[in-house]
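# Chains, contacts and geometry: an overview
The chain contents come next:
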Amino acid sequence: MPVQPQEQETLNVKLVHFTKQNSPDEPVQLAFSVVDEQGKEEIITGEIPYSYDLFRLCQENGWLNIRRGVASIRESRAQRRAMSA
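What you are looking at is a predicted structure, and each value in this text was computed from that prediction instead of being measured. Starting from 1, residues in each chain are numbered consecutively following that chain's sequence as written. Totals for whole chains, interfaces and linings use every residue, but because this is a predicted model, local features are given only for residues with pLDDT of at least 70 and side-chain atom pairs only at 80 or more, for both listing and counting. Think of the side-chain values as coming from all heavy atoms in the structure, minus any hydrogens and water.

### What about the overall build of the protein chain?
Tallying secondary structure elements over the protein chain gives two helices and three strands in all. Of the regular secondary structure in the protein chain, the N- to C-terminal order runs β-β-β-α-α. The buried label applies to any residue whose accessible area, calculated with a 1.4 Å probe on protein chains only, is under 20% of its type's maximum; exposed applies above 50%, and partly exposed to all values in between. Counting over 85 residues, the protein chain shows a buried share of 13%. The contact criterion used is simple: two residues touch if any of their non-hydrogen atoms lie within 4.5 Å. Long-range pairs, those at least 24 residues apart, make up 18% of the contacts in the protein chain between residues at least 6 apart in sequence. Put simply, DSSP marks the helices as runs of H or I at least four residues long and the strands as runs of E at least two long, and each gets a number from the N terminus on.

### Some thoughts on the pairing of strand β3 (residues 41–48)
Strand pairing requires that DSSP identify at least two bridges connecting the strands. Sheet analysis places strand β2 (residues 28–35) next to β3, joined by eight bridges and oriented antiparallel. Pairing of Ala31 across the sheet is with Thr45, part of β3. The antiparallel hairpin formed by β2 and β3 contains five residues in its connecting segment, where Gly39 sits at a positive phi of about 90 degrees.

### What to know about the sheet that holds β2
Ordered in space as β1-β2-β3, the three strands form an open sheet in which the pairing is antiparallel. Only two strands of the sheet have a single neighbouring strand rather than two, namely β1 (12–18) and β3. The sheet shows a mean angle of 25 degrees between the axes of neighbouring strands, direction not considered. The sheet contact formed by β1 and β2 spans six bridges and is antiparallel. By the bridge assignment for β2, Phe18 is matched with Leu30. The axes used here are C-alpha line fits, helices contributing only the stretch in contact, and every angle between their N-to-C directions lies in the interval 0 to 180 degrees. Along the sheet, helix α1 (residues 51–60) makes contact with β1, β2 and β3, crossing β3 at roughly 120 degrees.

### Quick notes on the pattern of salt bridges
What counts as a salt bridge is simple: a side-chain nitrogen of Lys or Arg found within 4 Å of a carboxyl oxygen of Asp or Glu. Inspection of every chain in the model, using the stated rule, returns two salt bridges. Of the charged contacts in the structure, one is a salt bridge between Arg56 and Asp53, with a shortest N-O distance of 3.4 Å. In this pair, Arg56 and Asp53 are both assigned in helix α1, three residues apart and thus about one turn of the helix distant. Under the relative-accessibility criterion, Arg56 is labelled partly exposed at 34%. Arg56 is the partner of Glu60 in a salt bridge, and the nearest nitrogen-oxygen pair spans 3.4 Å. In this pair, Glu60 and Arg56 are both assigned in helix α1, four residues apart and thus about one turn of the helix distant. What emerges from the salt-bridge pattern is a single network uniting Asp53, Arg56 and Glu60.

Structure representation (structure tokens):
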């Protein structure tokens with residue numbers, strides 16, 4: 001029997017809170033604002049053991065932009081300033 005594709009609900013999700021991890025014993029706390037198709041907003045909270053876990057999760061799912069070095073970011077800002085002057 002073929003598997004029926006299911007429609008996935010579209011959500012608008014924003015990270016609204018992220019705590020700093022001061023020691024490996026403290027989990028990182030997260031809060032997301034989730035708005036569904038009807039416009040209903042909910043705040044979803046959670047914890048992860050290490051901040052690196054969140055980075056790895058986003059990277060594995062393709063939710064991050066291409067990594068760039070800090071120098072390339074500074075160069076692009078300087079070029080924009082020069083162009084606008």
